[in-house]
There are 2 protein chains.
Amino acid sequence: MRILVAGIDGYLGWPLAQSLAARGHHLGGCDNFARRGWVAERGSHSAIPVADMPERLRAFRSRFGHEPEFSEGDLTDYAFAAGCLRSFRPDAIVHLGQMPSAPFSMIDVEHCVYTHTNNLVGTLNLLHALRDHCPEAHLVKLGTMGEYGTPDVDIPEGFFEIKYRGRRDRLPFPRQAGSWYHQTKVHDTHNIMMACRIWGLRSTDVMQGIVFGTRADGLSDDEALRTRFDFDQCFGTVINRFCAMAVIGMPLTPFGSGGQKRGIIPLSDSMQCLAIALENPPPEGEYRVFNQFQEVFEIRELARRVQRVAGDRLGLTVEIEPLENPRTEAEQHHYRPDCDNLKALGYEPTRELDDEIETVLRDLTPFRERIESRRDLLAPDIRWDGSRPAARELVGVVGR
Amino acid sequence: MRILVAGIDGYLGWPLAQSLAARGHHLGGCDNFARRGWVAERGSHSAIPVADMPERLRAFRSRFGHEPEFSEGDLTDYAFAAGCLRSFRPDAIVHLGQMPSAPFSMIDVEHCVYTHTNNLVGTLNLLHALRDHCPEAHLVKLGTMGEYGTPDVDIPEGFFEIKYRGRRDRLPFPRQAGSWYHQTKVHDTHNIMMACRIWGLRSTDVMQGIVFGTRADGLSDDEALRTRFDFDQCFGTVINRFCAMAVIGMPLTPFGSGGQKRGIIPLSDSMQCLAIALENPPPEGEYRVFNQFQEVFEIRELARRVQRVAGDRLGLTVEIEPLENPRTEAEQHHYRPDCDNLKALGYEPTRELDDEIETVLRDLTPFRERIESRRDLLAPDIRWDGSRPAARELVGVVGR
């Protein structure tokens, strides 16, 4: 298949391109390198150094025999988005070209508005470009389990059959997201659902759990083929952040009671799931939803796992020091999401959590200095209520 | 109360300011006059001539003894939005400052993107400005019954109690909007709901049916106090458009079978409902939804009503010529939305449909020439599937 990865320079995009190339697909990619800019704006950098795109493309070619047809540009520019589709003629597009951080979107009104315009306009442009230039192509959009929030009932995959006042219907499951970033994914969900209905497009919306890890199948040790690893409060996801903290001897900081339950999935299995979605497109006009995660954990259990693996397997002493929750979220709640659609198509978890944590810890160890030098950025000072503790106060909280 | 009407220059905003002034409230207003620009972009104009803002303000003052504290500016500019709130210190804000046309949003990718950024960014700015400058103020947001789409179950007011797999919860009722414009209202719904939850704001989301009419209580005959009346395919709503067609002897054109069911409400009662919402604010942190309509009709029945009133009361002969539906929508469907919340607070319908249609027809009669001169714009050439019939073909269809 000809697959276009929008956001090919990112944490998921770069290993995904390699996983798909290893499966024999022909790759295209586009990026505006915004992720590098956002992380730099926060004063941070990837713990694992990342090569620039020309170097990445050279390494890709020497590994896979061809390099992705790469275009630099911004999906919020319709001419660019349409041009990518017209010239590459994809069978499928994986849309990863969005701002993916909840805290970043909550910084202030400018970041909230930026997240909305960047994420929504990019998708709207892609939908119109698909309609006008390759209506047969399959759009795989990366959503998030966070779109559903934490309702007091089970969470189906996108839709549910209900009986209400004696009548029945299959309806979209209500979304109750908890950050502006998550809201943009909800808005995308509604927009894509409509585009499939009125324009006959086909799309898979992947409600992804929290991804973690440093490795994916098909990724080699070539430095230019490695993917980025963010650990700052905005772009580091929870397990990755705990691992970065453990490596520099900083206490792990679950928020509040740590009783929040989240679905998680290792990077390698996220690649597997996206490949499965791509290789099994829905029929014309269908909008389908896959919940994509391996297991559900409480955040405090994840902290304990990282603590234990760091101690037992690497001899690192790591404390756990819960932090006043900077987010507004339920810390005790029902959580039983379905995850059947991907399994029905062949998804099988391949990694065990503790082993994957160990791999991350070992992969990060050579880069301790790079994390240590940005230690302050591990502490969350972006609060959902809009207030900001003084920087000094925070450093105290995280035990420096 | 001190009430800020965002979009005070519009079809609803201008009479609302007067209705509220007549009820003793102190008014503020802002507008960027975008509505005038959109209608001009479509080559149209208001059937009833509208005065410019300085003239409107003068007439307002001579009628009510004070004029609204008016600021010209764009809510997508945060500094402007925050400045309005800081200087006026409202007890409540009615947010009408949005692009309100489904067909306009469906013209092409530029109009789709514009509708999203204009409508979403304005609301996001207002939410942040409320949080930072007047968190006690009540935000009344104008939504639309179109947010719900046409599910095969009854439509509650925003939320429903459901039982699912043996557990119960009160969840937002799923939204299935049918145009980009309607989607922006759905996105606003989700954003405002979250802002109330995490910031403790208070908001009433008014899911309004299709408004029609030329008059509202408290509106005088002073020309500068009249509100606009659009009839073009983008900014004219269905009953208003039918009345404009009847006045110039053009056949009424329900789309497709005309079996689409919609809730409708006369302009005067829309004003009554908004006043009730404003005068009965919800407690801090509450996001509530009012479905706001008087009666549900099939579109073909509305055409027959206009035809009959035009014939019986004004002696006008009017044909009905259904048009191939330019929209992608269900033409036969279940439709039983609740409308209890406003009634519980005292809303009582004051107008009878036929009488209101007669008033519109009589009010438009002096302006036949202004409608006749834009006759082409009554024919819908904006199709939901993105195609466009040739202009000539269309003129044939509508029987010129």
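That block above? That's the structure.
Here the structure is a predicted model, which means the values were calculated and not measured.

Assigned secondary structure in chain A consists of 14 helices and twelve strands. Its C-alpha atoms give chain A a radius of gyration of 20 Å, near enough to 21 Å, the size a compact globule of 400 residues would have. On the principal axes, the C-alpha backbone points of chain A span a range of 60 × 55 × 40 Å. Scored against the burial criterion, the 400 residues of chain A give a buried share of 56%. A separation threshold of at least 6 residues defines the contact pool for chain A, and within that pool the share at least 24 residues apart is 83%.

A separate point is the pairing of strand E11 (residues 287-292) of chain A. All names here are of chain A. E11 sits mainly inside the fold: five of its six residues count as buried. Here strand E8 (residues 202-208) pairs with E11 via six bridges, running parallel. Looking at the pairing, Asp205 lines up with Val289 of E11.

Turning our attention to helix H12 (residues 353-364) of chain A. An ideal rise of 1.5 Å per residue puts 16 Å on twelve residues; H12 of chain A measures up with 17 Å between its terminal C-alpha atoms. Buried residues belonging to H12 of chain A abut strand E9 (210-212), helix H8 (238-247), strand E10 (261-266), helix H10 (299-314) and helix H13 (368-372) of chain A.

Moving on: the packing of helix H10 (residues 299-314) of chain B against helix H12 (residues 353-364) of chain B. Each packed pair of helices is defined by two parameters, the angle between the axes and the distance between the axes. All names here are of chain B. Two elements in contact, H10 and H12, have axes separated by 9 Å at closest approach and are oriented at 65°. Relative to H12, H10 is oriented roughly perpendicular. Crossing handedness for the pair H10 and H12: right-handed. Contact residues: Arg305, Val306, Val309, Ala310, Arg313 and Leu314 in H10; Leu353, Asp354, Ile357, Glu358 and Leu361 in H12.

Facing 40 residues of chain A, the contacting portion of chain B comprises 40 residues. Elements that contribute at least two residues to the side of chain A that touches chain B include exactly helix H6 (109-133), strand E6 (159-164), strand E7 (167-172) and helix H7 (180-199) of chain A. Top element by residues in the side of chain A that touches chain B is H6 of chain A. It accounts for eleven residues. Tallied by class, the residues present in the side of chain A that touches chain B amount to 21 nonpolar, eleven polar and eight charged.

Rules of the game
- Residues numbered from 1 in each chain as written.
- Chains lettered and ligands numbered in written order.
- Predicted model: local features only at pLDDT ≥ 70, side-chain atom pairs only at ≥ 80, totals over all residues.
- Helix = DSSP H or I, 4+ residues; strand = E, 2+ residues; numbered from the N terminus.
- Rg over C-alpha atoms; globule rule 2.2 N^0.38 Å.
- Buried ≥ 20, exposed ≤ 12 C-beta atoms within 10 Å, placed from the backbone.
- Contact = placed C-beta atoms within 7 Å.
- Pairing = 2+ DSSP bridges.
- Expected span 1.5 Å × (residues − 1).
- Axes fitted to C-alpha atoms, helices over the stretch in contact; angles between N-to-C directions.
- Parallel < 35°, antiparallel > 145°, perpendicular 65-115°, else oblique.
- Left-handed = near helix turned anticlockwise from the far one by under 90°.
- Nonpolar A, V, L, I, M, F, W, Y, C, P; charged D, E, K, R; others polar.

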